[in-house]
Amino acid sequence: MDCKQAASLMHEYLDHDLPEDQALGLKSHLDICEACRMKLKELEQTDMLLFAAVKSSIPSAPDDVLERIMSKLPKQRKQQAWLRWVRRHPALTAAAMFLLVMIFSSLSLWQADDQLIVKGADLDQVRIEGHTVIVPEGTAIAGDLTIENGNTEVYGEVKGNLTVIDGSLYQASTAKIAGDAKTIDQALDWIWYRITNTFSEVAYR
Amino acid sequence: MAEHMDTRLVKLARKGNQGAFAELVELYKDKIFHLAYRMLSNRHEAEDIVQEAFLRVYKNWDRYDENQKFSTWIYRIATNLCIDRLRKRKPTYSLDAELNDQDGTDGYTLVPGDERTPETAYLLSETQTTIHQAIDGLPAKYKSVMVLRYLQELSLQEIADILKMPVTTVKTRVHRGREFLRKRLEHKLF
Ligand SMILES: [Zn+2]
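Residues numbered from 1 in each chain as written. Chains lettered and ligands numbered in written order. Predicted model: local features only at pLDDT ≥ 70, side-chain atom pairs only at ≥ 80, totals over all residues. Heavy atoms only, no water.

A. Structural context of helix 2 (residues 18-40) of chain B. Residues and elements named next belong to chain B. When the local axis directions of helix 2 are compared, the greatest deviation, roughly 45°, occurs at Tyr28. Of the residues that open helix 2, the one with a side-chain oxygen 2.9 Å from the backbone nitrogen of Gly19 is Asn17. At the C-terminal side of helix 2, Ser41 shows a positive phi close to 55°. (Bend = angle between axes of the 7 residues up to and from the residue. Helix = DSSP H or I, 4+ residues; strand = E, 2+ residues; numbered from the N terminus. Polar contact = N/O pair within 3.5 Å; in protein donor to acceptor, adjacent residues only side chain to side chain.)

What follows is the structure, given as structure tokens:
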């Protein structure tokens, strides 16, 4: 082994990476070479001094570093805060979402059409004239009757509930409504109608 | 243990938990500051590096590889920022910084309970200054390796991971750096 090879092994030794057989080779060279013994001693001291000196005389990071970093973070979007709340309250969120979806779909329904809609189980006897729905005298409608966007005139009998949405209700003296007769012509009422209706529908299914 | 903690904090911080992010800053701010200070020999620039490194972490979570240690990633970001700064400096800047930025580099620190005489303390202080100046004068590629090795006491493999280079390259640089320092100290100490 020459001195150059020995020098390379010395560094491996300082890296704690020198295999045993090579360590023995280095040792036998050091036994006969004083220059290399000196060099290894110096390298070892340099190594130790480096560990100590590199860490010495370093000022500490300023105390407000954390605050400064946190204040520079890009602002989180509000939506993200909202989403975190959602993740934390899944049950409440589900209920809220249900209501929201219903309210929005109801609103859009309420705004969307002004077309006459007549709903009921027994529509054969109902007479429709333009935007007016007539329950003629002497007829009896089985079940509920719902009229949207139209005027309603009742001369006969309705055996269930009568609901008029966005329209007028005229009940003649001969009219007989077994259930509730309701007129709904505001968005909010409409929404409540939809909600209670949906809930009872859900309940019955 | 520390790694386990890092992993948990990183997971939370990635999801946008600012508390977990603040914990990570607390855990690493000094390490990054020391690294940057030793690389740049300038306190104000080191502060900038700490801020910039953490902001990059915050903005680039999507680029973080979970199989990698968080320390490796943040050291890489910080080291690269320092190397960029060193490259942008005018050749004389390093000397200017050394002459003007005296805070922290002057004097010596005695370990509490250390019973060295003033003369040996002075010698040590002089040795430290020699070492600090020698490291400061190293080219950036050697400087980063030496600082990671001797300041952070990282293994050669970790340094290789941080700098994305083969471990043999890291080795060669440590060996040369050590040899360079030995020669600088030769006449003063040995
Ligand atoms: Zn020899």
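B. The arrangement of the interface of chain B and chain A in detail. Taken together, the contact between chain B and chain A spans 47 residues of the former and 34 residues of the latter. Together chain B and chain A conceal approximately 4,000 Å² of surface at their shared face, both sides included; 65% is due to carbon and sulfur atoms. With a closest N to O distance of 3.3 Å, Glu47 of chain B and Arg68 of chain A form a salt bridge. Taken together, the connections running from chain B to chain A amount to 17 residue pairs in polar contact (both at pLDDT 80 or more). Breaking the side of chain B that touches chain A down by element, the ones donating at least two residues are helix 2, helix 3 (43-59), helix 6 (118-136), helix 7 (140-150) and helix 9 (167-189) of chain B. Its residues placed into classes, the side of chain B that touches chain A shows 21 nonpolar, 12 polar and 14 charged. (Contact = heavy atoms within 4.5 Å. Buried area = accessible area lost by both parts, 1.4 Å probe. Salt bridge = Lys/Arg side-chain N within 4 Å of Asp/Glu carboxyl O. Nonpolar A, V, L, I, M, F, W, Y, C, P; charged D, E, K, R; others polar.)

C. Looking closely at the sheet that holds strand 3 (residues 132-135) of chain A. Residue and element names in this part refer to chain A. Strand order in this open sheet of 4 strands is 2-3-6-9, and the pairing throughout is mixed. Edge positions in the sheet fall to strand 2 (127-129) and strand 9 (169-171), since each has one partner strand and no second. Neighbouring strand axes in the sheet, compared pairwise and without regard to direction, differ in orientation by 15° on average. Sheet topology note: the strand 3/strand 6 (residues 151-154) ladder contains 4 bridges and is parallel. (Pairing = 2+ DSSP bridges. Axes fitted to C-alpha atoms, helices over the stretch in contact; angles between N-to-C directions.)

D. Molecular detail of the coordination of the zinc ion. All names here are of chain A. Taken together, the protein ligands of the zinc ion are Cys3 (SG), His29 (NE2), Cys33 (SG) and Cys36 (SG), with distances of 2.1 to 2.3 Å. Around the zinc ion sit 4 donor atoms, and with donor-metal-donor angles ranging over 99 to 113° the site reads as tetrahedral. All donors of the zinc ion come from a single chain, and their spacing in sequence reads C-x25-H-x3-C-x2-C. Of this pair, Cys3 sits in helix 1 (residues 3-14) while His29 sits in helix 2 (residues 20-32), and the two are 26 residues apart along the sequence. (Donors = N, O, S within 2.8 Å, 3.2 Å for Na, K, Ca; no water. Tetrahedral: all angles 85-135°; square planar, octahedral: opposite > 155°, others 65-115°.)

E. Structural view of the packing of helix 4 (residues 70-88) of chain B against helix 7 of chain B. Residue and element names in this part refer to chain B. Remark: helix 4 packs on helix 7, axes separated minimally by 10 Å, with the N-to-C direction vectors making an angle of 145°. For helix 4 against helix 7, the interelement crossing comes out right-handed. In this structure, helix 4 contributes Thr79, Ile83 and Leu86 to the contact, and helix 7 contributes Ala140, Lys143, Ser144 and Leu148. Class assignment for the residues of the contact of helix 4 with helix 7 results in 4 nonpolar, 2 polar and 1 charged. (Left-handed = near helix turned anticlockwise from the far one by under 90°.)

F. How the structure looks around helix 1 of chain A. Residues and elements named next belong to chain A. With 12 residues, helix 1 extends 16 Å from end C-alpha to end C-alpha; this agrees with the ideal 16 Å at 1.5 Å per step. Those residues of helix 1 lying buried are Ala6, Ala7, Leu9, Met10, His11, Glu12 and Leu14. At the exit of helix 1 stands His16, carrying a positive phi of roughly 60°. (Expected span 1.5 Å × (residues − 1). Buried < 20%, exposed > 50% of the residue type's maximum accessible area, 1.4 Å probe, protein only.)

G. Broad picture of the packing of aromatic side chains. Residues and elements named next belong to chain B. Summed over all chains, the structure comprises 12 aromatic pairs over all chains. Arranged with centres 6.4 Å apart and planes meeting at 25°, the rings of Phe33 and Tyr37 form a pair that is stacked. A residue pair is termed a helical-turn pair when its members lie 3 or 4 positions apart in one helix, as Phe33 and Tyr37 do in helix 2 at 4 residues. Comparing Phe33 with Tyr37, the two get one shared label, buried. Each member of the aromatic cluster is reached from another via a ring pair, and the members are Tyr28, Trp61, Tyr64, Phe70 and Trp73. (Phe/Tyr/Trp six-rings, centres within 6.5 Å; stacked < 30°, edge-to-face > 60°.)

H. Highlighting the confidence of the model for chain A. Residues and elements named next belong to chain A. When pLDDT is averaged across chain A, the result is 81; 75% of the residues are at 70 or more. Put simply, helix 7 (residues 187-204) is where chain A has its lowest mean pLDDT, 56, and helix 1 is where it has its highest, 96. The low-confidence segment residues 201-205, where pLDDT is below 50, has 0 contacts with residues more than four positions distant or belonging to other chains. (pLDDT = per-residue confidence, 0-100.)

I. Structural detail: the packing of helix 1 of chain A against helix 9 of chain B. Interaxial distance between helix 1 of chain A and helix 9 of chain B falls to 10 Å at its minimum, and their mutual angle equals 105°. Between helix 1 of chain A and helix 9 of chain B, the interaxial angle falls into the category roughly perpendicular. Of helix 9 of chain B, the residues touching helix 1 of chain A (which contributes His11, Glu12 and Leu14 of chain A) are Lys171, His175, Arg178 and Glu179 of chain B. (Parallel < 35°, antiparallel > 145°, perpendicular 65-115°, else oblique.)

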